[in-house]
Structures are given as structure tokens and as C-alpha cells.
Amino acid sequence: LLRRDDKAGAAKEADALARHSPKSTYAQVAAGRIYVRLGMTAKAEDAFARALALEPAAYVHLNRIALRPYGDIDGRLGDVAMALALEPESV
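These figures come from a predicted structure and were not determined experimentally.

### Section: the side chain of T25
(1) Moving on: Considering the arrangement of structural elements, one finds T25 in helix α2 (residues 25-38).
(2) Moving on: Taking the relative accessible area as the measure of exposure, T25 reaches 8% and is therefore buried.
(3) Moving on: Only 3.4 Å separates the side chain of T25 from the side chain of E55, close enough to count as a polar contact.
(4) Moving on: With residues up to four places along the chain from it excluded, the contact list for T25 reads A51, L54, E55, Y59 and V60.

Written as C-alpha cells, this is what we have:
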């Protein structure tokens, strides 16, 4: 949908994904990534917060980096630090 520039359709899909899979960390992260691509920061923040509440996993923190502005070095490094704290042996 994003490749076809159907932003409204992509937003509806992200909403459906988050709503129909409320207990799936992966679904919440996927919805968050879509919202980030659409510039829907508040919805992306909510999706990543739901994902972290379900499962504080390294991959959630690493995906949340996409939400942070490019210049937010402290925030980005904070997510990396949290990911490493959760899974220190992760590649």
C-alpha cells in the first residue's frame, strides 16, 4: 500500500493489525513501523508502548529506534542500551 502511495489504506491496515492482534508483540511492532513510515508519531509511540508492555524484548527496542528523530542520539542509544541489557548475547 505504501508503494502505491495509499497512505490511508496503509493506516487502516496498521489500525486493523493493532486492533485484531492486541496480544501479539510482533503485530504491535509491525503496526508501529507502519505508523512511523506514515509520520503518525503518536500512534507509533502507542504501538511500541503496547509491544513493550507485552514483551520487553530487544527487537522491540531496536525497532523503536525508527520512531526517534535522526538527531535524537541519546534516545537511539538508550534503545540500543535497553536491547543489550535484555539480550546481551544478541548479535
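There is more to say, and it comes next.
### Regarding the packing of helix α1 (residues 7-20) against α2
(1) Moving on: Packing of α1 against α2 brings their axes to within 8 Å, and their N-to-C directions diverge by 155 degrees. Taken together, α1 and α2 sit at an angle that is classed as roughly antiparallel. Considering only the axes of α1 and α2, their crossing is left-handed. Contacts between α1 and α2 involve K7, A10, A11, A14, D15, L17 and A18 from the former and A27, Q28, A30, A31, I34, Y35 and L38 from the latter.
(2) Moving on: Within the contact of α1 with α2, the residues separate by chemical class into 11 nonpolar, 1 polar and 2 charged.

What counts and what doesn't
- Sequence order sets the numbering: in each chain, residues are counted from 1 along the sequence as written.
- Note on the predicted model: pLDDT of at least 70 is required for a residue's local features to be given, and 80 or more for side-chain atom pairs to be given and counted; whole-chain, interface and lining totals, by contrast, use all residues.
- Excluding hydrogens and water, the side-chain figures rest on all heavy atoms present in the structure.
- Secondary structure elements follow DSSP: runs of H or I no shorter than four residues count as helices, runs of E no shorter than two count as strands, and numbering proceeds from the N terminus.
- Think of it in three bands: with a 1.4 Å probe and only protein chains considered, a residue is buried below 20% of the maximum accessible area for its type, exposed above 50%, and partly exposed in between.
- Polar contacts here mean pairs of N or O atoms no more than 3.5 Å apart (in protein, one a potential hydrogen donor and the other a potential acceptor; neighbouring residues in sequence count only if both atoms are side-chain atoms).
- We call two residues contacting when some pair of their heavy atoms lies within 4.5 Å.
- Interaxial angle, 0 to 180 degrees, is taken between N-to-C directions of lines fitted to C-alpha atoms, where a helix line uses only the stretch in contact.
- Working rule for angles: under 35 degrees goes down as roughly parallel, over 145 as roughly antiparallel, 65 to 115 as roughly perpendicular, anything else as oblique.
- Helix crossings are classified by the rotation of the near helix relative to the far one: an anticlockwise turn of less than a right angle makes the crossing left-handed, while a clockwise turn makes it right-handed.
- The residue classification treats Ala, Val, Leu, Ile, Met, Phe, Trp, Tyr, Cys and Pro as nonpolar and Asp, Glu, Lys and Arg as charged. All others, Gly included, are polar.

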